[in-house]
Every structure is written in structure tokens, then in C-alpha cells.
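The residues making up each chain are set out below.
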Amino acid sequence: MDPVRYDVQDRIAVITVANPPVNALSHAVRAGLWDAMARFGDDDAADIAVILGDGRLFIGGADISEFGKPPVDPWLPEVVNRIEACAKPVVAAIHGTALGGGLEVALGCHYRLAVPGTKLGLPEVSLGILPGAGGTQRTPRLVGLAAAAKMITGGVPVSAETALEMGLIDRLGEGDVRAAGRAYAEDLLAQGAGPRPTGARDVAGADLSDLRADLERKARGQVAPLTALDAVEAAARLPFEEGLAEERRLFRHLMDTPQRAGLIHAFFAERAVSKLPGIADVAPRDVADVAVIGGGTMGSGIATSALLAGLRVTLVERDGDAAEKARATVAKNLDTAETRGKLDAASRAAMSFDAVTDYAALSDADLAIEAVFESMEVKREVFGRLDAVMKPGAILATNTSYLDVDTIAAATSRPADVIGLHFFSPAHIMKLLEVVVADATAPEVIATAFALAKRMGKIAVRAGVCDGFIGNRILSHYRTAADHMVLDGASPYQIDRAIRGFGFAMGPYQVSDLAGLDIGYATRQRKAADAHPRDRVPTFADALYHAGRLGQKSGAGYYDYSEDRKGREDPEAARLIAEARTGERSFTDAEIVRRYMAAMINEAARVVEDGIAARPLDVDVVFLHGYGFPRHRGGPMHWADAQGLDRILADIRAFAEDDDHFWRPAPLLERLVAEGADFASLNRKADT
Ligand code: 3H9
């Protein structure tokens, strides 16, 4: 099919971009638009043109899969300039979404109409670049410098209504976009309207120093938002042509950064995680009624998330009081969602939710998610009861974060219907969902879990059964590397600072304080039986725990929270740690990061080799969405490739000189280095 169609009726040329699924501006589309503009320019039968998108949206932007490859003529900026330079008027008729280069095409048009429900935005900074087809120069000319700077550096789309208010579009259309576009064109013809190039408009200066300071504070190492601000500022400083040249220079610079590669890897990895060979053609089961067992923080969060997705939810608790408490927690979660504009009153009124004490109420549920206490005995009992009451074909899921899903499944008469759905806390906010596939889990059940995750707005990643699955298993390993550094003399405050400096939202000891030091203590107790004599115990963590320093919830842990939840370094904690440590050496921030990351990559390589993660990219997505890994670094495996796996392996071998028990190179890492290959090659292999 022709990616750009041209037809004329009643003196109006309609130029339709048809490049499913998102009408991305691939080379064929750019060439098609170029030719269409040439044809329109010469077409005596047409006085005005309307550009629109076929299918569900206008244009989703430049073709991201072409990034990093040599550019092919015509480039998008030239196409947009050509539209703007047209001697006859051109209208953009927008529906669905106009993002990035898609919106830039519209900005090159002389008039813009959008139908209600449309989202318009310049999300380039989220891909590590900036609008490179005139967006930074034309947007300020339509909406003013300050509003343009906010829109471009934040990357968040606006609604059609807001776009109209801002001056980004000229008219709100009604109904079918093609009809609305034609009607607008007819009006313009009747008014005798001519071309109206955006680039010919003036732009007033504005003080952007507050925005710059804010971006600097939040950047955590990201370069694109600040560079995009430089480009927008150029719009006020330079004549239009020179502004375009400056935008191009800055765009090229960002295109060459590792951050751009990291963010684009993240974009495609997020879409690849749900593409699994075993479920490609498997139809999911219908899920409308969900049961949640347990109404603690996790169970209530899961129930909230399911309700927000429009599912009917029945929550089961042990007794009336606990059920009442769960009801209150869910109500509070929904209140917050309403306050934040994520839920409207009508949708809330339509929700179906009950908290009960009798399992018999679950006989119609399509899927149950158990979120009770982490004890195999308790979970097996719950699964036995679920097995007895739930209808045939219903799915029985556990939210365990480390227990063996095969053993849980064996407590039922239908292990093929049992799966792990590992949500992250708070479950109605965190996007990650590990879908833990047990030996007997049926493909249809896996497909249903992925479909459910999508409906709930989660990013689902397939994981195999092992202690900690993908994320917590890797976390446990690099946490241990951090603990070793503290035992050897590093301060946990320095480690947190170094890790934040890398771009993580929080350091490991801040995370401990947030989760509660009792959690780590319980994990160590649980694993004590399997401990190796050469394992090193973080005695300082035990000392803090025994001193009643449980973290934020008790007002003190590694940090002192007596003044606020941000926490301050605490001399008492430092004293307890100093008493428990076994070494006195110092570490540079760079060495801290190298050890932390080497431990992460090494265990991640084992997780991939063991088949716990299907591909390296699955590990990346888990860390981006569940562990605060800096998105602009693409995820741990992408980052490792960028560093060079030989360098990581050399670090591990060097660290092993002091501790060859902890630092044992993963065989997969050794093999990849020997072959001169990288983790990305395993992602590609899984593709074919
Ligand atoms: C840009 O425009 C730069 C310019 O300023 C300068 C140029 C000089 N390219 O997300 P979905 C694929 S930067 C290529 O599941 P949805 C996607 O991988 C660009 N492919 O759909 C997936 O493929 P598959 C600025 C793309 O309905 C399929 O399309 N634009 C692109 O949930 C469906 O995607 C953006 O950043 C693309 N641009 O959401 C917008 N976009 O089926 C990025 C999507 O093989 N895109 N694909 O997995 C989006 O935000 C969403 O895709 C969108 C639709 C909202 C459009």
C-alpha cells in the first residue's frame, strides 16, 4: 500500500499518511510527503491541502528504528520546511496522537485542527533527543517561549482542548477527522485564507532561569532536557533560519550520545517483553472478575489496581475487622487516585468491590491473586481452599516474592492454571509485574497474565522460578557487594551518594530504610540455613536491627528521620556500623559503582543463562520499572554492553583476587567475552 495517498475533490487535496501501526515518518513516508507537496504545488485542480493520518492516529513521530543509521534524503526538517513554504494553504487535520515529528509536520502546516481526544506532544527528550524538525523553533512562535519550553523539556503531551487554549492548534473539529479537515478547508477557502508560515511569526523573549534551575535539579545526569532548553532559547535569540540550524546542531549532538541509545533501547525493550514465542498465537482467557486474597498493603494495592482497570474485585480477609480495614485502605488509595486526576467520580461510582470473609464468594471469579503472608504453609493452605471453590478454568495466581511457585501449584488439583504474579509495592502505582511461570503453567494462562497486565497498565516480564525471580535475586547479589564494602570500611552514606550519582533514584541503604530493616533481617534468617561458611554476614545491619533501628517506620535506620522523611546522616548509626565492621579501607565513588554494577551484571548473566529471564532485555525492563535504574542508561545489560563486557569481566576477576568466593564470573559472561559478543546479540537471537 502507498504510504502517502493524494486525492483531490472539490478543489481540496487530501494527503493521507498510511503507514501502520503508528504512521511513523519512515523514509517512504517522508518521500511520499515530499512528492505529494510537489504534486499539490503544481495541481491546478486543488487550492488547499489537508494532511491527515490513516487509522487510529495522525503521525506517531519519526521512525525510531531508523535512529543511529545513516540518514536518507529527504530528511524530515526539509519535508516540514517544504510544507511551510508551499504557496497554497496547507491544513493539518489531527486525530488520535500527533507526537514528535508528527506534531512538527503539523507545525509546518499553515492551519491546524484537532478532534477531541487527540494528544499532541513533543516527547523527544524521553528518547534522549530534542524535536529536530523545527519543533523547538516553531512551537515558541505559536504558544510563546515559556509554554514551549515547558512542553518540550517535559515531553508530556497536551489534550486538543489545551492545545487550542495555548494556540498550538486553531480549531477543535467534530466527528470524523477527514470530514472535519475538509470542512475547515472549505471555510478557509471561503475566507480567502492564504498560506501562513509559522516560521514568519515573531517570538517574544521570556525568563527561563527558573525552569533551567528546576531541570538541573531533576536531571540526575540526563542531558536531553537541558539541551532542548538551549534549543528553545535560541528561538528568541536568533532569526528563524539560524534557529533551525542551531536546533539541527544540538539534535545531531544528542543523536550521538549513549543516552539516546539507552533510552531508545528502553523504548523497544518495553515493547519486546510481551513478545514471547510460546504465547504468540495463544488466545488469553477472559478476565472480568478478580479475587484478591489478603488485604494488607500488597493485597489492597492489587485490588486498587484491578479496580482502576475496570475489573470487578472481591477481596477475602480472615475476619470482619481485617476486611473492614482492607476496604478502608482501598478507599484511601482510590481517593488519592481521584485527587491526582487518575480517576473520575463516575468511574468510581461504577466500580464493583467487596471485601468478604468467605471463600465461597469466589465461585464466579475468573482469576484469584493471593497476597497473604510469605509462608509456604499458609500459601499452600490458601491454594487448597481456592482450588476447592473456584470454577474450572479460573486462574490461581500467587504474589509471592520468592517462594517456589511449583510447590504452591502442587497444593491444587490444577497446576496448569497456577502462575506467579509478582507485583511491586505500592501495587497500584508501580508498573512492573513479574509473571512467574511454573513448570506446569499452561501457555493460555501465561497469555492471560500478559493481557491482564496490559489492561492494568503494567509492564509484564516473564520470569522463571527461583528464589527472588529476576529482580530480587539480582538485587540480593549486588546488595551483598555493597554490604561487603561497608564491612571493609566504606560508609553507607558514601555508597548511597555514589549510587545516586550513577543515576539511581535512591542508594541501597536508603532503600533499606524505606523497606524496613526487619525485612532484610528476616531474609538473612531465612537464608541462614543455606549459608556458605565463606559468606560474609552484614553484622552492622543486624546491629541496627537489634538497636530497634528499623528504618523510616521507626524514625531511624541508617539515617535519622526525626525531622523529615528525607533523613539525615546519623552519628549513632555510624558508630554501630564502625563497631561491626571488619576493615578500614577506603573506596572512591568510582570503585563503589564498579563493584556494585559488576555484581549486578554478573548475577544478571546467571539469571539469563539459567533461563529465569528470557533475554537480557527482560532484565533491563525489570530494573527500569522496579528498581529505579536510570532510564537513560538503558538498563543494566544495555549499560554493560556499552561499557564493554571485557571490562566488566576484568573487574570481576580483579575483585576475585581478594574474595574468590563472592566474585565468581558467570559462565555466560565469560563465554560472551571469549566470543567477542554482547548481551544485545542474545536479544537479537531470541528475535529470530
Ligand atoms: C521524533 O519524532 C524526532 C523528530 O523530532 C526529529 C526527526 C528529525 N517509530 O507503543 P505501541 C512501534 S522522535 C518506530 O505498542 P500504542 C512500536 O515499537 C519520535 N516504531 O502502540 C510497536 O511496534 P511492535 C517521537 C514505532 O498504540 C508499534 O509501533 N515519537 C514508533 O500503545 C505499536 O506501538 C515518539 O516518541 C516510532 N516512532 O501507542 C512516540 N512508535 O508492534 C513513540 C511506535 O513491533 N510512540 N512504534 O511492538 C508512542 O509513544 C506510542 O507508540 C504511540 C502509540 C502513542 C504512538
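Fair warning: this is a prediction, and the values are worked out from it, not measured in the lab.

## Details of the pairing of strand β2 (residues 12–17)
Now for step 1: For β2, the tally of buried residues reaches six of six residues, placing the bulk of the element in the interior.
Now for step 2: The two faces of β2 match: I12, V14 and T16 on one face and A13, I15 and V17 on the other face are all buried.
Now for step 3: Linking strand β1 (residues 4–9) back to β2 in an antiparallel pair, the connection comprises two residues, with D10 at a positive phi of about 50°.
Now for step 4: With six bridges joining them, β2 and strand β3 (residues 48–53) adopt parallel strand pairing. Pairing of I12 across the sheet is with I48, part of β3.
Now for step 5: What joins β2 to β3 is helix α1 (residues 27–42), and the crossover it makes is right-handed.

## Thoughts on the domain arrangement of the protein
Size of an interface: often given as the accessible area lost when the parts come together.
Now for step 1: The assigned domain composition of the protein is domain 1 (4–251), domain 2 (257–276 + 470–488 + 587–688), domain 3 (287–463) and domain 4 (508–580).
Now for step 2: The centre of domain 2, based on its C-alpha atoms, is set 31 Å off from the matching centre of domain 3.
Now for step 3: Residue-level contacts link 17 residues of domain 2 with 13 residues of domain 3.
Now for step 4: At the junction of domain 2 and domain 3, the tally comes to zero salt bridges.
Now for step 5: The interface formed by domain 2 and domain 3 includes two residue pairs in polar contact (both at pLDDT 80 or more).
Now for step 6: Of all the secondary-structure elements, those providing two or more residues to the side of domain 2 that touches domain 3 are α18 (471–488) and α25 (616–626).

## Topic: the site of the ligand
Now for step 1: Taken together, 26 residues are adjacent to the ligand, and R56, G101, E104, E124 and K275 come closest.
Now for step 2: Note that a nitrogen atom of the ligand is positioned 2.8 Å from one of the backbone N or O atoms of I64.
Now for step 3: Measuring from an oxygen atom of the ligand, one finds a side-chain N or O atom of K275 at 2.4 Å.
Now for step 4: Burial of the ligand by the protein amounts to 74% of the accessible area it has alone, namely 1000 Å².

## With respect to the sheet that holds strand β11 (residues 312–316)
Now for step 1: Strands sit in the order β12-β11-β10-β13-β14-β15-β16-β17 across an open sheet of eight strands; the sheet is mixed. Two strands bound the open sheet, and with one partner strand each, they are β12 (353–356) and β17 (459–464). Sheet twist, expressed as the mean angle between neighbouring strand axes with direction ignored, is 25°.
Now for step 2: Examined bridge by bridge, strand β14 (residues 395–398) and strand β15 (residues 418–423) share three bridges and lie parallel to one another. In the sheet register, T398 faces β15, and the bridge partner there is G420.

## Quick word on the sheet that holds strand β4 (residues 90–94)
Now for step 1: With mixed pairing, six strands are arranged side by side in an open sheet as β1-β2-β3-β4-β6-β9. The two strands at the open ends of the sheet, each matched to only one other strand, are β1 and β9 (171–172).
Now for step 2: Where β3 and β4 come together, three bridges link them in parallel fashion. Bridge assignment links A49 to a residue of β4, and that residue is V90.
Now for step 3: Its contacts with the sheet place helix α7 (residues 177–191) against β1, β2, β3, β4, β6 (111–114) and β9, and it is angled at close to 145° to β2.

## Topic: helix α3 (residues 101–108)
Now for step 1: Of all eight residues in α3, eight are buried, a share of seventy percent or more.
Now for step 2: Every buried residue belonging to α3 is among G101, G102, L103, E104, V105, A106, L107 and G108, and all of these are buried.

## Observations regarding α18
Now for step 1: With 18 residues, α18 ought to run about 26 Å at 1.5 Å a step, and its terminal C-alpha atoms sit 26 Å apart, in line with that.
Now for step 2: With 13 of its 18 residues buried, α18 lies for the most part within the structure.
Now for step 3: Just downstream of α18, G489 is the residue with a positive phi angle, here 135°.

## A few points about the pairing of strand β13 (residues 367–370)
Now for step 1: Burial along β13 is two-sided: the residues L367 and I369 and A368 and E370 are all buried.
Now for step 2: Pairing analysis gives four bridges linking strand β10 (residues 289–293) to β13, with the strands arranged parallel. Bridging across to β13, V290 finds its partner in L367.
Now for step 3: With four bridges joining them, β13 and β14 adopt parallel strand pairing. By the bridge assignment for β14, E370 is matched with T398.

## So, the nonpolar core
Now for step 1: Residues I470, M597 and F679 are the most contacted members of the largest nonpolar core, which totals 101 residues.
Now for step 2: Ranked by residues supplied to this core, first place goes to helix α24 (residues 589–609) with twelve residues.
Now for step 3: Once you skip the residues sitting within four places of it in the chain, M597 turns out to touch F502, F504, F629 and W639.
Now for step 4: Grouped together as the second largest cluster of nonpolar side chains are 68 residues, F67, I94, L107 and M255 included.

## Quick look at the environment of T588
Now for step 1: As for its position among the elements, T588 is in the loop between α23 (571–580) and α24.
Now for step 2: Classification of T588 by relative accessible area gives partly exposed; the value is 49%.
Now for step 3: On a C-alpha basis, the gap between T588 and Q494 in space is 9.0 Å, while along the polypeptide they are 94 residues apart.

Procedures and definitions
- Residues numbered from 1 in each chain as written.
- Predicted model: local features only at pLDDT ≥ 70, side-chain atom pairs only at ≥ 80, totals over all residues.
- Heavy atoms only, no water.
- Buried < 20%, exposed > 50% of the residue type's maximum accessible area, 1.4 Å probe, protein only.
- Helix = DSSP H or I, 4+ residues; strand = E, 2+ residues; numbered from the N terminus.
- Pairing = 2+ DSSP bridges.
- Right-handed = clockwise from strand over helix to strand, strands pointing away.
- Domains from an automatic or database assignment.
- Contact = heavy atoms within 4.5 Å.
- Salt bridge = Lys/Arg side-chain N within 4 Å of Asp/Glu carboxyl O.
- Polar contact = N/O pair within 3.5 Å; in protein donor to acceptor, adjacent residues only side chain to side chain.
- Near = heavy atom within 4 Å.
- Areas by Shrake-Rupley, 256 points an atom, 1.4 Å probe, with all protein chains shown as cover.
- Axes fitted to C-alpha atoms, helices over the stretch in contact; angles between N-to-C directions.
- Expected span 1.5 Å × (residues − 1).
- Core = buried A, V, L, I, M, F, W, Y, C linked by side-chain atoms within 4.5 Å.

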